[in-house]
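# Examination of the molecular architecture
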Amino acid sequence: MLLCVLLAGCSADPTDRGPVLVVDGSSSLYPLSEAVAEDFAREYPGSRIVVRVSGTAGGLRRFCEGEVHIAGASRPMTSAEAARCRSVGIDYLAIPVVRDGVAVVVNAGNEAVGCLTMHELRRLWEPGSGVTTWRDLRPGLPAERIRLFGPGSVSGTYHFFTSVVMGRAGASRADHYETENDHLIVRGVAGNRWSLGYLGSAGYAANEDPVRALGVDTGFGCVSPTPESIGDGSYSPLARDLYIYTANLYNNMYTYMYNFVVHYVSASRELAGEVGYAPLPAGEYERSLALLAGAREGSP
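Remember, predicted model here, so these are calculated numbers, not experimental data. (Residues numbered from 1 in each chain as written. Predicted model: local features only at pLDDT ≥ 70, side-chain atom pairs only at ≥ 80, totals over all residues. Heavy atoms only, no water.)

### What to know about unusual backbone geometry
The linkage connecting Ser-236 with the following residue, Pro-237, adopts the cis geometry, with an omega of 10°. Secondary-structure assignment places Pro-237 in the loop between α10 (227-232) and β12 (239-247). (Helix = DSSP H or I, 4+ residues; strand = E, 2+ residues; numbered from the N terminus.)

What follows is the structure, encoded as structure tokens:
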């Protein structure tokens with residue numbers, strides 16, 4: 001009966017489109033969720049899909065509290081989050097949909113730097129960092145103050161970036177502007193010539209403000225976060241898979257909701273490149289569709 005509560009009521013009519021379907025969570029996945037919702041609405045006129053952003057942690061929390069139907073996540077669910085879902089009887093599926101990279105961006109007017117090493121990123125963002133100007137970071141760069149912008153602590157991108165760059169999730173200097181809105185990060189960087197920020201590559205690609213992505217050197221030369229470098233692994237370790245989490249799709253699920261999740265997986269392959277992501281290997285989508293079909297039939 002919990003699934004009925006989660007879906008705001010059950011219907012005996014398998015064609016009933018039911019209530020508004022709410023997608024929430026990762027800002028990194030927002031461009032794809034929005035594109036998929038628009039694509040789905042064209043195929044299923046009258047569909048009611050709301051796409052929101054509250055960060056990965058916020059979306060998963062609301063998902064495990066039964067407030068949203070699908071949570072976008074830029075990291076896997078933690079053991080504590082999984083335990084919270086299990087404690088209220090929510091059986092979920094985790095489905096990878098696309099791959100993106102974390103783009104490190106600067107103002108388009110900053111022509112002094114084109115690439116940063118992982119060591120420089122660590123020095124810049126580590127807790128208690130003494131780097132306040134570009135010259136502090138590298139001799140020969142301007143002695144201009146670096147204004148920093150980045151995701152908030154509930155963001156999956158924040159946890160992923162700090163895990164990769166610092167080696168520990170959540171380890172970050174605190175003196176920077178934090179927001180779950182990628183557009184505000186881009187606007188902040190665009191508003192100051194000597195600023196720097198980081199966000200998901202699709203969020204960067206979706207903005208038209210005057211910023212540019214830096215290359216990152218992990219020891220094998222500078223690589224920029226393009227769909228090609230993200231997809232072929234050359235932008236590693238700053239590339240990651242993005243997921244959607246949905247309640248297990250048993251027979252009493254609204255048909256339109258099952259159709260939406262299947263559509264999300266299928267459309268992700270086609271829409272990924274259009275909105276700044278790299279598609280997953282074809283086999284990943286086939287496995288996810290098989291998993292959904294099994295869940296729909298009530299398979300274990």
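Back to the write-up after that little detour.
### Thoughts on the pattern of salt bridges
Inspection of the entire model under this criterion finds 10 salt bridges. Salt-bridge contacts for Arg-61 lead to Glu-65; the nearest nitrogen and oxygen are separated by 3.1 Å. Judged by relative accessible area, which is 43%, Glu-65 ranks as partly exposed. Salt bridges sharing partners connect three or more residues here, namely Asp-24, Arg-62 and Glu-67. (Salt bridge = Lys/Arg side-chain N within 4 Å of Asp/Glu carboxyl O. Buried < 20%, exposed > 50% of the residue type's maximum accessible area, 1.4 Å probe, protein only.)

### As for the sheet that holds strand β11 (residues 222-223)
Strand order across the open sheet formed by 3 strands is β5-β10-β11, with mixed pairing between neighbours. Pairing within the sheet leaves two strands with one partner each, and these edge strands are β5 (115-117) and β11. Bridge count for β5 against strand β10 (residues 215-217) is 3 bridges, and the pairing is parallel. Of the residues in β10, the one forming a bridge with Thr-117 is Asp-217. (Pairing = 2+ DSSP bridges.)

### Considerations on helix α4 (residues 79-87)
Because an α-helix completes one turn every 3.6 residues, residues spaced three or four positions apart along the sequence face the same direction. Every buried residue of α4 is listed here: Glu-81, Ala-82 and Cys-85. When α4 is viewed along its axis, its buried side chains cluster within an angular range of 100° and face the same direction. Seen from the open side of α4, the exposed residues pointing more than 90 degrees away from its buried face are Ser-79, Arg-86 and Ser-87. Of the surrounding secondary structure, the elements contacted by the buried residues of α4 are α3 (55-64) and β4 (92-107). (Arc of directions from axis to C-beta. Contact = heavy atoms within 4.5 Å.)

### Here we look at the packing of helix α5 (residues 118-125) against helix α7 (residues 156-166)
Where α5 meets α7, the closest approach of the two axes is 9 Å, and the angle between their N-to-C directions is 115°. Pair α5 / α7 crosses with left-handed handedness. Together, Met-118, Leu-121, Arg-122 and Trp-125 of α5 and Phe-161, Val-164, Val-165 and Met-166 of α7 make up the contact between the two elements. Of the residues belonging to the contact of α5 with α7, the class tally is 7 nonpolar, no polar and 1 charged. (Axes fitted to C-alpha atoms, helices over the stretch in contact; angles between N-to-C directions. Left-handed = near helix turned anticlockwise from the far one by under 90°. Nonpolar A, V, L, I, M, F, W, Y, C, P; charged D, E, K, R; others polar.)

### Some remarks on the confidence of the model for the chain
Averaged over every residue, the pLDDT of the chain is 88; the share at 70 or more is 90%. Confidence over residues 1-17 falls short of pLDDT 50; this stretch has 34 contacts with residues more than four positions distant or in other chains. (pLDDT = per-residue confidence, 0-100.)

### A short note on the packing of aromatic side chains
Scanning all chains against the criterion turns up 9 aromatic pairs. Note on Tyr-92 and Tyr-245: the rings are 5.7 Å apart at their centroids and 55° apart in plane angle, and the pair reads as tilted. With a gap of 153 residues between them, Tyr-92 in strand β4 and Tyr-245 in strand β12 connect regions that are remote in the sequence. Classification of Tyr-92 as partly exposed rests on a relative accessible area of 23%. On the accessibility criterion, Tyr-245 (3% relative accessible area) is buried. Within the aromatic cluster, the residues linked to one another by ring pairs are Phe-40, Tyr-44, Phe-260 and Tyr-264. The ring centre of Phe-160 lies 5.2 Å from the NZ or CZ of Arg-240, which sits over that ring. (Phe/Tyr/Trp six-rings, centres within 6.5 Å; stacked < 30°, edge-to-face > 60°. Lys NZ or Arg CZ within 6 Å of the ring centre and 35° of its normal.)

### Here's the deal with empty space enclosed by the protein
One pass over the full model with this rule turns up 4 cavities of 30 Å³ or more. There is about 50 Å³ of room inside the second largest cavity. Contributing to the lining of the second largest cavity are Val-216, Asp-217, Thr-218, Gly-221, Val-223, Ser-234, Tyr-235, Ser-236 and Leu-238. The class makeup of the residues in the lining of the second largest cavity is 4 nonpolar, 4 polar and 1 charged. (1 Å grid on protein atoms, 1.4 Å probe; cavity = no way out; pocket = protein on both sides within 12 Å on 5 of 7 lines; lining within 4 Å. Points joined across faces, edges and corners; volume = space filled by probe spheres on them.)

### Description of the state of the cysteines
Counted under the stated rule, the structure contains 2 disulfides. The disulfide partner of Cys-64 is Cys-85, and the gap between their sulfur atoms is 2.1 Å. Since a negative S-S torsion denotes a left-handed disulfide, the Cys-64-Cys-85 link at about -85° is left-handed. Taken together, the residues Cys-64 in helix α3 and Cys-85 in helix α4 connect sequence positions 21 residues apart. Each disulfide pairs two cysteine sulfurs, and for Cys-115 the partner residue is Cys-222, the sulfurs being separated by 1.9 Å. Here Cys-115 and Cys-222 share a disulfide; its torsion about the S-S bond, -100°, makes the bridge left-handed. Of the two residues, Cys-115 is situated in strand β5 and Cys-222 in strand β11; the sequence distance between them amounts to 107 residues. (Disulfide = S-S within 2.5 Å.)

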